[in-house]
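Inside the fold
In case you want the letters, here they are:
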Amino acid sequence: MPELPEVETTRRGLAMKLAGHSIARIEARRPDLRFPLPKDFARRIQGRKVLALERRAKYILVQLDGGLTWLIHLGMSGRMVMRQGWPNDIGPHDHVIFATETGWAVTFNDARRFGMMDLIEAPELAQHKLLSGIGPEPLDDAFTPAVLAAALKGKRTPMKAALLDQRVVAGLGNIYVSEALYRAGIHPERLAGSVAAKRLDRLVPAIKAVLLEAVEAGGSSLRDYVQTDGELGYFQTRFRVYDREDQPCQTCKRPVRRIVQSGRSTFFCGNCQK
């Protein structure tokens with residue numbers, strides 16, 4: 001599933017061609033994705049100007065004139081690819097297509113249809129069910145070791161699970177939590193509330209560094225994800241533990257281990273992470 005770096009890379013790519021331009025044409029080629037599309041979805045968007053594109057956690061927020069926000073979630077396999085000119089090779093998984101007055105067209109392709117879109121009026125945005133209660137953005141200056149310590153206090157869930165909780169910190173997923181815990185030397189099964197403050201002093205910078213490096217690399221392409229220009233991300237070539245089971249740890253050379261937590265694979269070094 002696309003995580004924060006993949007969503008941020010997509011947002012940046014879209015912003016380059018969409019911000020400041022109007023949606024001249026839009027087609028929803030089915031009535032639903034993961035959930036039904038809003039009533040009059042295409043009609044409400046067509047003709048509006050894109051004021052800005054923002055990201056909150058794993059959601060892209062397209063700010064349209066008239067106080068309307070177009071919320072987009074890529075789901076497990078969603079991708080948004082841009083090209084000049086309306087596509088003439090539309091496929092069965094190309095569910096939403098739209099274009100600006102300048103001719104740049106965007107295709108939302110989602111083979112598994114776990115993605116979603118919604119339209120939110122400005123007064124309702126802060127309290128929207130998908131956005132309210134989300135924790136701090138990990139790349140913001142406000143996300144500090146003290147903030148993380150307060151969120152983890154008393155938690156008896158494993159550290160990996162705690163960091164995946166979007167109420168604790170926004171946008172983190174399986175890949176980047178595994179990578180950040182490795183860099184900070186924290187075992188993924190350690191109880192979150194038992195991690196000492198000095199270790200969180202290492203973890204927060206590790207989270208920020210991993211995410212920034214991944215954004216710079218265009219995200220990680222493991223299955224479906226591509227950037228908006230169709231190119232693959234390449235952060236997967238820099239993984240230190242994720243998807244490296246039985247390969248030597250880059251620090252101690254002992255084999256990287258894999259365990260399953262909450263139905264997801266976790267990769268770590270049992271020697272370097274305590």
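For the structure given in this document, a descriptive report is provided here.

Criteria and cut-off values
Residue positions are counted from 1 within each chain, in the order its sequence is given. The model is predicted, so local features are restricted to residues of pLDDT at least 70 and side-chain atom pairs to those at 80 or more, both for listing and for counting; the totals for chains, interfaces and linings are taken over all residues. Note that the side-chain values use all heavy atoms of the structure and ignore hydrogens as well as water. Each residue's exposure class comes from its accessible area (1.4 Å probe, protein chains only) as a fraction of the maximum for that residue type: buried when under 20%, exposed when over 50%, partly exposed otherwise. Secondary structure follows DSSP: runs of H or I at least 4 residues long count as helices, runs of E at least 2 residues long count as strands, and numbering of each begins at the N terminus. Strands are treated as partners if at least two bridges between them are detected by DSSP. Every case where a carboxyl oxygen of Asp or Glu lies within 4 Å of a side-chain nitrogen of Lys or Arg is listed as a salt bridge. Note on geometry: axes are lines fitted to C-alpha atoms, helical ones only across the stretch in contact, with angles between N-to-C directions running from 0 to 180 degrees. Note on terminology: angles under 35 degrees are roughly parallel, angles over 145 are roughly antiparallel, angles of 65 to 115 are roughly perpendicular, and the others are oblique. Each crossing gets its handedness from the near helix: less than a right angle anticlockwise from the far helix is left-handed, clockwise is right-handed. Residue contacts are counted whenever heavy atoms from the two residues lie within 4.5 Å of one another. Here the expected length of a helix is defined as 1.5 Å per residue gap, with one fewer gap than residues.

1. Regarding the pairing of strand β8 (residues 116-121)
Strand residues, when the strand is regular, have side chains that alternate between the two faces of the sheet. Within β8, five of the six residues are buried, which leaves the element mostly enclosed by the surrounding structure. Strand direction decides the pairing type here: strand β4 (residues 68-73) and β8, joined by six bridges, are antiparallel. What sits directly across from His 73, in β8, is Met 116.

2. Re the pattern of salt bridges
In total, this model carries 15 salt bridges according to the counting rule given. In this structure, the salt-bridge partner of Glu 27 is Arg 29, at a minimum N-O distance of 3.6 Å. On the basis of relative accessible area, Glu 27 is assigned to the partly exposed category, the value being 25%. Using a relative accessible area of 45% as the deciding quantity, one classes Arg 29 as partly exposed. One network of salt bridges, in which partners are shared, links Glu 8, Arg 11, Arg 12, Arg 55, Arg 56 and Glu 137.

3. Observations concerning unusual backbone geometry
Within the chain, Asp 246 stands out as a residue other than glycine whose phi angle is a positive 70°. One can find Asp 246 in the loop between α6 (197-216) and β9 (257-261). The class of Asp 246 is exposed, set by a relative accessible area of 59%. Look at Lys 253: it is not a glycine, yet its phi comes out positive at around 75°. Within the secondary structure, Lys 253 is located in the loop between α6 and β9.

4. Some details on the packing of helix α5 (residues 174-184) against α6
When two helices pack together, their arrangement is given by the angle between the helix axes and by the axis-to-axis distance. Contact geometry for α5 and α6: axes closest at 8 Å, N-to-C directions at 130°. Taken together, α5 and α6 sit at an angle that is classed as oblique. Crossing hand, α5 versus α6: right-handed. Only Arg 202, Leu 203, Ala 206, Ile 207, Ala 209, Val 210, Leu 211, Glu 213 and Ala 214 of α6 make contact with α5, whose side of the interface consists of Tyr 176, Glu 179, Ala 180, Leu 181, Arg 183 and Ala 184.

5. Details of helix α1 (residues 4-18)
With 15 residues, α1 ought to run about 21 Å at 1.5 Å a step, and its terminal C-alpha atoms sit 20 Å apart, in line with that. The buried fraction of α1 is high, at eleven of 15 residues. Looking at α1, one finds that the buried residues are Leu 4, Pro 5, Glu 6, Val 7, Glu 8, Thr 9, Thr 10, Arg 11, Gly 13, Leu 14 and Leu 18. Phi turns positive, to about 90°, at Gly 20, one or two residues after α1.

Purely geometric stuff here, so don't read any function into it on its own.
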